[in-house]
Amino acid sequence: MRVKADQLSDAIKRFSDGTSTDAYHFMGCHPAVVDGQDGYVFRVWAPHAKSVRVLGRFNDWDKSSPPMERVSPAIWERFIPGVQTFDEYKYYIERPDGTFVFRADPYATHSATRPDNASKVFDLEGFEWTDGAYRRSRSKKDVLRSPMNIYEMHLGSWRRHEDGNFLSYVDCARQLIPYLKDMGYTHVELLPVSEYPYDPSWGYQVTGYYAPTSRYGTPHDFMRFVDMCHAEGIGVIIDWVGAHFPRDECGLFEFDGECCYEPSDPLRREHPDWGTRIFDYGRYEVRSFLMSNVVYWLDKFHIDGIRVDAVASMLYLDYGRRGGEWRPNKDGGNINLEAVQFLRDMNAAALTFDPSAIMVAEESTAFPMVTKPGYDGGLGFNFKWNMGWMHDMVDYMSTDPLFRKGKHNNLTFSLTYAFSENFVLPLSHDEVVHGKCSLVNKMPGDYGDKFQNLRAFYGYMMTHPGKKLLFMGGEFAQFIEWDEKKELDWMLLDYDKHREMQSYVRDLNHYYLDHPALWHNDTDWQGFQWISCDDWQQSVISFRRIDDKGKEVIVVCNFCPVERAGYKIGVPKAGTYVPVLSSDDAKYGGAGTPLAPVKAKKEELHGLKYAVELTLPAMSTVFYERKATRGAKDETEDEAPKAKRTVKAVKDKAEKAAEAAKADLEAAVDAVKPKRGRKPKAESAAEAAPRKKTGPKPKAEAQDAAEAPKPARKPRAKKADAVEKPKPARKPRAKNADSDN
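To keep things clear, this report deals only with the structure shown in the data block. Note that residues are indexed from 1 along each chain, following the sequence as it is written. Where totals are concerned, whole chains, interfaces and linings use all residues; where local detail is concerned, this predicted model gives features only for residues with pLDDT of at least 70, and gives and counts side-chain atom pairs only at 80 or more. Hydrogens and water molecules were not included; the side-chain quantities draw on all heavy atoms of the structure.

Moving on to the overall build of the chain. Working definition: helices are DSSP H or I runs of at least four residues, strands are E runs of at least two. Numbering for both runs from the N terminus. The secondary structure content of the chain amounts to 17 helices and 31 strands. Any pair of residues with heavy atoms lying within 4.5 Å of one another is described as a contacting pair. For the chain, restricting intrachain contacts to residue pairs at least 6 apart in sequence, the fraction spanning at least 24 positions comes to 71%. Taken as a whole, the chain presents about 32000 Å² of accessible surface, with 51% of it coming from carbon and sulfur. The method behind every accessible area is Shrake-Rupley, applied with a 1.4 Å probe, and residues are considered shielded solely by the protein chains displayed.

See below:
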């Protein structure tokens, strides 16, 4: 008992110092044995309370039950024997003014199902994980240089039973995982799974931070969901709400009658837009509560990543406020310095516990260095949602094509900052909620035009630098806005356009996964190069995506409903460029504009040495790949005659130089004069050259030799090259021709 007491004392000290990342090990409700009796020990932080009791089924909710005892000035504890799994309980807190209030346990691991809001006793131990191999493999990957294609979903409305009831965690996993594999997704991102009382909040107003919502099952059921995903190589990311909490009486709101989890300053504690309370990031116990919660999900539930919601509202003291409604920081600015430090410490704690964890910020401003390490002055996330790209592109694609030329900057502006952070490109739930229209319904034009626009949009998204995220329903172009009260409109797959859209997204996703050029260099310019970004009059852009081995995909987007025949773009190498995926393909519901492989011609265009002439289908995105075999042969045939002529000229100059040297040094070379035979004059000159005493090679000859190209790789050229003479230097053009092969 002495060792346990010492451990508890140390844990409480770290908790009170704001450095605890494992508070869930000792706060809340845990099984224990005291004096030979099995039961549970309860601990709660309530610094202003006069008294605290644990009431529940185990003591018939008797308000006269013995109170808890203080084990520190602010932490209360009590062991209760005979408590059983699933017993409901609450804390009965006497506030400073002498009134009483019931509160759910902030550290409870299970909760009653709404509308009930009591905490439930549950021991997390005992679940048998089978994902060891998956986690070991994940730990060896560089997440920045790996594909990440995220399917964002709401568990309660993806699918439901025929009677309208929710699928359980396990039932959902059984249907979801094969679908994700078939569609080509690498991760699933779940809207918040922490317990929440109000369905229309979608989980973003949390009352039970440590309890997976009981709507879909027990904590072990959620563990099973994650384990099943990992068994098929699917990563699990959860949304986490550390920016604010609701005013529900059962939750954290003025927990013991005074401000505990929120600041006491009225100019800092309220979120005016959402009617919620803001966390006090400067209070040590609150920091320990939140940091421990992040680590808790990584630890106990093997979560692969956490997306932190509403980071901008955490960073800015004047977020959603007008002048006079907020208080500046100590330096007179609008940055919440305590929140900045908290985010750094939170990310450091998460990545210390699991270095391969994915930490994503939903940050909608230009706050700098969000994805840079905390020790370098950053916030320490490893990804940030690119909200700027999303807003620009949704605005652009919603515009009638006739007027898109005036918004061409929306297409290209994101590349001015694309590598300043590690980005995820999100087409999230926020874009398809009530009042915003679905993605397909945002598109202009008639029924067919909408699908055509959306396919072109998806094609651009999947090739733009950054990881990918699409909210459920977008893959088959659900027409109505997302409604959390019912499942998606799966019956739309009985209609051609929706089924063809799903087929397109499936092929697009798998193409992305199969081509490292689209994800291996997402964070620097080595993986992206514009070909043409300034054809605003025709609403056309083209660019290259390149992997570390030099393999690349050429992408051409035509965001106008006009076919462009004979459209020229520059390409880097000779060869044949083959269209490999087109959003206009008839099998995806497009017009099926005929596209054929095109051979590059030697013509400098867009800063590149070759050019191809393409047909751009109306309102389309098309991918091209260079086929090296035929292209290499064609290029060699084009360059070989020039190379041969150049080699002959160099050889003639060398022979003339040798004759001149021979005449000047005839006496000196008599002793080493070559025997008669078939040896070329150039070779004789090369052997005699080291013995010259008349000075260096003439400047004209040296310059010519330096400019001489390497012969093209044909048998005759190689034969000429094999002659033992000074090897001509490589002229740049010939060098490029050879290197292309």
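For each structure, a 1 Å grid was placed over the protein atoms alone; sets of points admitting a 1.4 Å probe that cannot get out are labelled cavities, open sets with protein on both sides within 12 Å along at least five of seven lines are labelled pockets, and lining residues have an atom within 4 Å of a point. Grid points are joined across faces, edges and corners, and a volume is the space filled by probe spheres set on the points. Looking at the second largest pocket, its volume works out to about 650 Å³. Surrounding the second largest pocket, 17 residues form its lining, Lys4, Leu8, Ala32, Val41 and Arg43 being those nearest its centre. Looking at the lining of the second largest pocket, the elements with two or more residues in it are helix H1 (2–17), strand E1 (28–34), strand E2 (37–45) and strand E5 (75–81).

A few words now on the pattern of salt bridges. Here, a salt bridge means any side-chain nitrogen of Lys or Arg that lies within 4 Å of a carboxyl oxygen of Asp or Glu. The full count for this structure, using the stated rule, is 38 salt bridges. Here Arg14 and Asp10 are joined by a salt bridge, their closest N and O atoms 3.3 Å apart. You can see Arg14 and its partner Asp10 sitting in helix H1, four residues apart, about one turn around the helix. A simple rule labels every residue: compare its accessible area, found with a 1.4 Å probe on the protein chains alone, to the largest value its type can have, and call it buried under 20%, exposed over 50%, or partly exposed in between. Overall, the relative accessible area of 25% leaves Arg14 in the partly exposed class. Classification of Asp10 as partly exposed rests on a relative accessible area of 40%. Ionic pairing is found between Arg224 and Asp227, a salt bridge with its closest N-O pair at 3.7 Å. Of this pair, Arg224 and Asp227 both sit in helix H4 (residues 219–231), three residues apart, which is roughly one turn of the helix.

Let us now look at empty space enclosed by the protein. Taken as a whole and assessed by the stated rule, the structure comprises four cavities of 30 Å³ or more. A volume near 130 Å³ is recorded for the largest cavity. Together, 18 residues line the largest cavity, and Val432, Met472, Gly473, Gly474 and Gln478 are the ones closest to its centre. Elements with a minimum of two residues in the lining of the largest cavity: helix H10 (439–442), helix H11 (447–463) and strand E22 (467–471). Gly is placed with the polar residues, together with every amino acid not listed as nonpolar (Ala, Val, Leu, Ile, Met, Phe, Trp, Tyr, Cys and Pro) or charged (Asp, Glu, Lys and Arg). Tallied by class, the residues present in the lining of the largest cavity amount to 13 nonpolar, four polar and one charged. Looking at the second largest cavity, its volume works out to about 80 Å³. Asn149, Tyr185, Tyr458, Met461, Met462, Lys468, Leu469, Leu470, Val505, Leu508 and Asn509 are the residues that line the second largest cavity. Elements that contribute at least two residues to the lining of the second largest cavity include exactly H11, E22 and helix H12 (496–514).

With that out of the way, let us pick up the side chain of Ser620. Note that Ser620 resides in strand E31 (residues 620–627). With sequence-adjacent residues up to four places away left out, Ser620 is seen in contact with Ala456, Val556, Cys557, Asn558, Ser583 and Asp584.

Quick look at the nonpolar core now. Nonpolar cores were defined as sets of buried Ala, Val, Leu, Ile, Met, Phe, Trp, Tyr and Cys residues, with membership established by side-chain atoms within 4.5 Å. If you look at the biggest cluster of nonpolar residues, it comprises 181 residues, and the most contacted ones within it are Phe42, Tyr151, Phe222, Phe225 and Tyr460. Core analysis: the second largest hydrophobic core is formed by 18 residues, Ile531, Val540, Ile554 and Tyr624 among them.

Moving on to the packing of helix H3 (residues 169–183) against H12. Angles here are taken between N-to-C directions and fall from 0 to 180 degrees, while the axes themselves are lines fitted to C-alpha atoms, restricted in helices to the stretch in contact. Close contact between H3 and H12 brings their axes to 8 Å; oriented N to C, the two are set at 70°. Looking at the two axes, H3 sits roughly perpendicular to H12. From H3, Tyr179, Lys181, Asp182 and Met183 reach across to H12, where they touch Gln502, Val505, Arg506, Asn509 and His510. Residues of the contact of H3 with H12, tallied by class, amount to three nonpolar, three polar and three charged. Roughly parallel means an angle under 35 degrees; roughly antiparallel, over 145; roughly perpendicular, 65 to 115; everything else is oblique.

Another aspect to go through is unusual backbone geometry. Most peptide bonds adopt trans geometry, and most residues besides glycine take a negative phi value. Backbone torsion omega between Arg114 and Pro115 reads 15°, so that peptide bond is classified as cis. Here Pro115 lies in the loop between strand E8 (110–111) and strand E9 (119–120). Within the chain, Asp35 stands out as a residue other than glycine whose phi angle is a positive 55°. Relative to the helices and strands, Asp35 is located in the loop between E1 and E2. The backbone of Phe86 sits at a positive phi, close to 80°, despite the residue not being glycine. When you line up the elements, Phe86 lands in the loop between E5 and strand E6 (88–94). Exposure remark for Phe86: the relative accessible area of 36% places this residue in the partly exposed category.

Only Phe, Tyr and Trp rings are paired, with Trp represented by its six-membered ring, and only when their centres lie within 6.5 Å; those with planes under 30 degrees apart are stacked, over 60 edge-to-face, the remainder tilted. Counting across every chain of the model gives 58 aromatic pairs. Look at Tyr511 and Phe623: their rings are 5.2 Å apart centre to centre, the planes differ by 40°, and that puts the pair in the tilted class. Residue Tyr511 is found in helix H12, and its partner Phe623 is found in strand E31; the two are separated by 112 residues along the sequence. An identical accessibility class is assigned to Tyr511 and Phe623; each is buried. When the NZ atom of lysine or the CZ atom of arginine is within 6 Å of a ring's centre and also within 35 degrees of its normal, the charge is said to sit over that ring. Above the face of the Trp158 ring, Arg159 is positioned so that its terminal group lies 5.5 Å from the ring centre. Positioned above the aromatic ring of Trp385, the side-chain terminus of Arg307 is 4.4 Å from the ring centre.

Assignment of secondary structure puts Ile177 in helix H3. Distance in space between the C-alpha atoms of Ile177 and Met228 is 7.9 Å, their sequence separation being 51 residues. Among all residues touching Ile177, those that are not within four sequence positions of it are Met228, Cys229 and Glu232.

The next point concerns the pairing of strand E18 (residues 305–308). Alternating positions in E18 separate into two faces, Gly305 and Arg307 on one and Ile306 and Val308 on the other, with burial throughout. Strand pairing is defined by DSSP finding a minimum of two bridges between the two strands. In terms of strand pairing, strand E14 (residues 235–240) meets E18 through four bridges, oriented parallel. When the sheet's bridge partners are listed, Trp240 is paired in E18 with Val308. Looking at chain direction, E18 and strand E19 (residues 358–361) are connected through four bridges and run parallel. Within E19, the residue paired with Ile306 across the bridge is Met359.

Another aspect to go through is the side chain of Ser111. Within the secondary structure layout, Ser111 lies in strand E8. Here Ser111 falls in the buried class, since its relative accessible area comes to 9%. Polar contacts, as counted here, are pairs of nitrogen or oxygen atoms within 3.5 Å of one another; within protein the pair requires one atom able to donate a hydrogen and one able to accept it, and residues that are adjacent in sequence qualify only if both atoms are side-chain atoms. Within the structure, Ser111 has its side chain in polar contact with the backbone oxygen of Ala118 (distance 3.3 Å). If near-sequence neighbours (up to four positions away) are discounted, Ser111 is found in contact with Ala118, Ser119, Lys120, Glu195, Ala211 and Ser214.

Taken in spatial order, the three strands make up an open sheet running E26-E30-E29, and their pairing is antiparallel. Since the sheet does not close on itself, it has two edges, and those belong to strand E26 (564–571) and strand E29 (601–605), each with one partner. Mean inter-strand twist for the sheet, computed between neighbouring axes without regard to direction, equals 55°. Two strands pair when backbone bridges link them, and E26 and strand E30 (residues 608–616) are joined in this way by six bridges, in the antiparallel orientation. Bridged to Ile569 within E30 is Val612.

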